[in-house]
Amino acid sequence: MGSIVKLVLGDNFTKIESNIAGVFFFLKTFKRYFPQQLKITIQQLFFNAIQQLPFFKKYSDKILGLFSPYTQIRFREIEEYRYNYAYAAIKTYLGAKVNSEVKNLKGSQLKQNKSLDLKREEEYEGVKMWWELLNCAKGKKMCRLTFHRSDWEVVTGSYLSYVVEEGKPVEARKKKVKLFINNPSWNWKSKTKNLWSSIDFEHPATFETVAMDREKKDEIVYDLLAFRDGKEYYDKIGKAWKRGYLLYGPPGTGKSTMIAAMANLMNYSIYDLELTSIENNWELKKLLIATTSKSIIVIEDIDCSLDLTGERKGKEESKKSDREGKKSAVTLSGLLNFIDGIWSACGQERILVFTTNHLGKLDQALIRRGRMDMPIELSYCTFDAFKILAKNYLNLDSHLLFRKIASLLEETKVTPADVAENLMVKDRQTEVDGSLKGLIRTLEKMKWSQKTKADEQQKED
Ligand SMILES: Nc1ncnc2c1ncn2[C@@H]1O[C@H](COP(=O)(O)OP(=O)(O)OP(=O)(O)O)[C@@H](O)[C@H]1O
Ligand SMILES: [Mg+2]
């Protein structure tokens, strides 16, 4: 074998042969004379140097994972659309350490799609390790811990629990998400705190449980995260740090559920603004100025609350107008002024969400870009959305009846709320089949009645 290689490579083989011999001789001498600690340091330097090579830069994570004596543990900020509290605790721990030991702080650039916020070296019970805080593509963030494989037990055994415990006390003071509801203006007293009443917000919805196409959902989550981390960007372009989302779709498609998921993801409070209990533009201004930063201001069913001619025509409008004997005057222009003017002046880190069942009824001025940055359509249940509901309600990934349901969903307009209702069971063990069959019956009925209606319509036309 050696002679065939020699024949092919000729003189080069002799050179390679002597180089390899040289490396082996070096490693042998190194092993004999150098202490363990120095060896670890040199190994680290060697792997750091390798990471700089272009080929390794591209595949370094995978290659180093295979050959490196070092191993890594990653803590992502968002795991399966849920906020990862271990990440938060670690970040807090590292932040506190950085303030007291600035000398360990290093900043540099990693791969093109990752930027390094912080790198610090740690020593725990004689074990050396390295923490990195990384900003990855699409606003994702993570902490990465690198350490020698031989230290696995110390790191996973006691070190990580120590870090999470240390980071916890600050994290425990984390803001509680609140739901604010505006008091009717005839109940306001002199102090600002009477404008809004609040309760703890404990809605369990997360983006994981919102049933909609995954791609669309990812786009929304990345948009929200980019907004949250965008202070510098908004400062740079000279725009107020705010973002508007317009959620539209038929009743029962998950608009309110998505607002709850947004609040839980961002850890922002919700201000649920009921325009029908406000008298005029001045009151609207007062209410909006009293909202705090890191909040989501929600106006549900905007088309029912506001008339495009300038007068409200809300669900409670007639009742209230009768009672007070005068016309209320919150106008579209009042709202627009706020979004563009006062909003920009006092608005720090606020999200504005409008919902509607009828996109066509809204004034273009209200939904133009800059006011509503992202229109989000919540639509009838697709098979992708159904699979999420089946997982939520029945803990089911697949079933023989799924194929039938998929084909019925293609032909029927049914809301996720209707599907969810059919999937609710008290006893999962015995009722899974029954609830899926019940859903199929409902879908068949709906399909038939929708078809009949469409035929009648066609005849009329
Ligand atoms: N996309 C969805 N994902 C998960 N659950 C959903 C979804 N859509 C509806 N649901 C379920 O249906 C119920 C009603 O949904 P929700 O209140 O979010 O609808 P909506 O679009 O706000 O309706 P409306 O226009 O009447 O306000 C929710 O409690 C939820 O359980
Ligand atoms: Mg709703």
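Everything quoted here is computed from the prediction, not taken from an experiment. Here the residue index of a chain counts from 1 through its sequence in written order. Each chain is given a letter, starting from A, and each ligand a number, starting from 1, according to the order in which they appear as written. Whole-chain, interface and lining totals are the exception, using all residues; otherwise, since this is a predicted model, local features are given only for residues with pLDDT of at least 70 and side-chain atom pairs are given and counted only at 80 or more. For the side-chain quantities, the full set of heavy atoms in the structure was used; hydrogens and water were omitted.

**What about the overall build of the protein chain?**
The criterion, for reference: Under the scheme used here, helices are H or I runs from DSSP no shorter than 4 residues and strands are E runs no shorter than 2 residues, and both carry numbers assigned from the N terminus. Each residue is assigned to one of three classes by its accessible area relative to the maximum for its type, calculated with a 1.4 Å probe on protein chains only: buried under 20%, partly exposed between the two thresholds, exposed over 50%. Contact definition: two residues touch when any of their heavy atoms are within 4.5 Å.
The helix and strand tally for the protein chain stands at 18 helices and 13 strands. Per-residue burial over the protein chain gives 41% buried out of 461 residues. Across the protein chain, contacts joining residues at least 24 apart in sequence account for 69% of those joining residues at least 6 apart.

**Considerations on the pairing of strand E12 (residues 350–356)**
Selection criterion: Here, a strand pair is defined by DSSP locating no fewer than two bridges between the strands.
The element E12 is largely enclosed, with a buried count of 7 among its 7 residues. Neither face of E12 is left uncovered, since the one carrying Arg-350, Leu-352, Phe-354 and Thr-356 and the one carrying Ile-351, Val-353 and Thr-355 both have all their residues buried. The pairing of strand E9 (residues 242–248) with E12 spans 7 bridges and is parallel. Each bridged residue has a counterpart across the sheet, and for Leu-246 the counterpart in E12 is Phe-354. Relative to E12, strand E11 (residues 295–299) runs parallel, the two being bridged by 5 bridges.

**A short note on the pairing of strand E6 (residues 141–148)**
The element E6 is extensively covered by neighbouring structure, given that 8 of its 8 residues are classed as buried. Neither face of E6 is open: one carries Lys-141, Cys-143, Leu-145 and Phe-147, the other Met-142, Arg-144, Thr-146 and His-148, and all of them are buried. Remark: 5 residues form the turn of the hairpin made by strand E5 (residues 127–135) and E6, two consecutive strands paired antiparallel; Lys-138 in that turn has positive phi of roughly 55 degrees.

**Some thoughts on the pattern of salt bridges**
Put simply, the test is: By salt bridge we mean one thing: a side-chain nitrogen of Lys or Arg within 4 Å of a carboxyl oxygen of Asp or Glu.
Enumeration according to the criterion identifies 15 salt bridges in this entry. Two residues, Lys-391 and Asp-397, come together in a salt bridge whose shortest N-O distance is 3.4 Å. Judged by its relative accessible area of 57%, Asp-397 falls in the exposed class. Between Glu-444 and Lys-404 there is a salt bridge, and its shortest N-O distance comes to 3.4 Å. In this pair, Glu-444 sits in helix H18 (residues 428–460) while Lys-404 sits in helix H16 (residues 402–411), placing the two residues 40 residues apart along the sequence. One salt-bridge network, in which partners are shared between bridges, spans Glu-77, Lys-141, Arg-228 and Asp-229.

**Some remarks on the site of ligand 1**
Heads up, the condition is: One heavy atom within 4 Å of a molecule or strand is enough for the residue carrying it to be called near that molecule or strand. Contacts described as polar in this section are N or O atom pairs within 3.5 Å, which, within protein, must combine one atom able to donate a hydrogen with one able to accept it, while residues neighboring in sequence count only if both atoms come from side chains. Accessible surface is estimated by sampling points in the Shrake-Rupley manner with a 1.4 Å probe; for residues, cover comes only from the protein chains shown. Residue type decides the class: Asp, Glu, Lys and Arg count as charged, Ala, Val, Leu, Ile, Met, Phe, Trp, Tyr, Cys and Pro as nonpolar, and the leftover types, Gly among them, as polar. For the domains described, the bounds stem from an automatic or database domain assignment.
Every one of the 15 residues lining ligand 1 counts as a neighbour, but Ala-211, Gly-252, Lys-255, Ser-256 and Thr-257 are closest to it. Here a nitrogen atom of ligand 1 and a backbone polar atom of Ala-211 are 2.7 Å apart. Between an oxygen atom of ligand 1 and a side-chain N or O atom of Tyr-393, the distance comes to 3.5 Å. Protein coverage of the free-state accessible area of ligand 1, which is 630 Å², stands at 72%. Secondary structure elements with two or more residues in the shell around ligand 1: helix H9 (255–266), helix H15 (383–394) and helix H17 (416–423). Among the elements that make up the shell around ligand 1, the one with the highest residue count is H9 (3 residues). Tallied by class, the residues present in the shell around ligand 1 amount to 7 nonpolar, 7 polar and 1 charged. Each of domain 2 (178–377) and domain 3 (383–451) contributes no fewer than three residues to the shell around ligand 1.

**Regarding the nonpolar core**
Put simply, the test is: We define a nonpolar core as any set of buried Ala, Val, Leu, Ile, Met, Phe, Trp, Tyr and Cys residues linked to one another through side-chain atoms lying within 4.5 Å.
With 35 residues, the main nonpolar core has Phe-207, Met-258 and Met-262 as its most contacted residues. If you list the elements that add at least two residues to this core, you get helix H7 (214–228), E9, H9, E11, E12 and strand E13 (374–377). Apart from residues lying up to four places away in sequence, Met-258 is in contact with Phe-207, Val-210, Met-212, Ile-220, Leu-247, Ile-376 and Leu-378. Counting residues in each nonpolar core, the second largest holds 29 residues, with Phe-180, Phe-338, Leu-352 and Ile-367 among its members.

**Some thoughts on the packing of H7 against H9**
In plain terms, the rule: Axes here refer to lines fitted to C-alpha atoms; in helices the fit is confined to the stretch in contact. Angles between the N-to-C directions go from 0 to 180 degrees. Should an angle lie under 35 degrees it is considered roughly parallel, over 145 roughly antiparallel, and from 65 to 115 roughly perpendicular; all remaining angles are considered oblique. Left-handed describes a crossing whose near helix is turned anticlockwise from the far helix through less than a right angle; right-handed describes the clockwise counterpart.
At a minimum axis distance of 11 Å, the contact between H7 and H9 shows a crossing angle of 45 degrees. One way to sum up the angle between H7 and H9 is to call them oblique. Handedness of the H7/H9 crossing: right-handed. From H7, Ile-220, Val-221, Leu-224, Leu-225, Phe-227 and Arg-228 reach across to H9, where they touch Met-258, Met-262, Leu-265 and Met-266. Residues of the contact of H7 with H9, tallied by class, amount to 9 nonpolar, no polar and 1 charged.

**Focus: H9**
Put simply, the test is: Helices are assigned an expected span. That span is 1.5 Å times one less than the residue count.
With 12 residues, H9 extends 17 Å between its outermost C-alpha atoms, agreeing within 8% with the 16 Å of an ideal straight helix rising 1.5 Å per residue. In the stretch just after H9, Asn-267 is the one whose phi turns positive, near 60 degrees.

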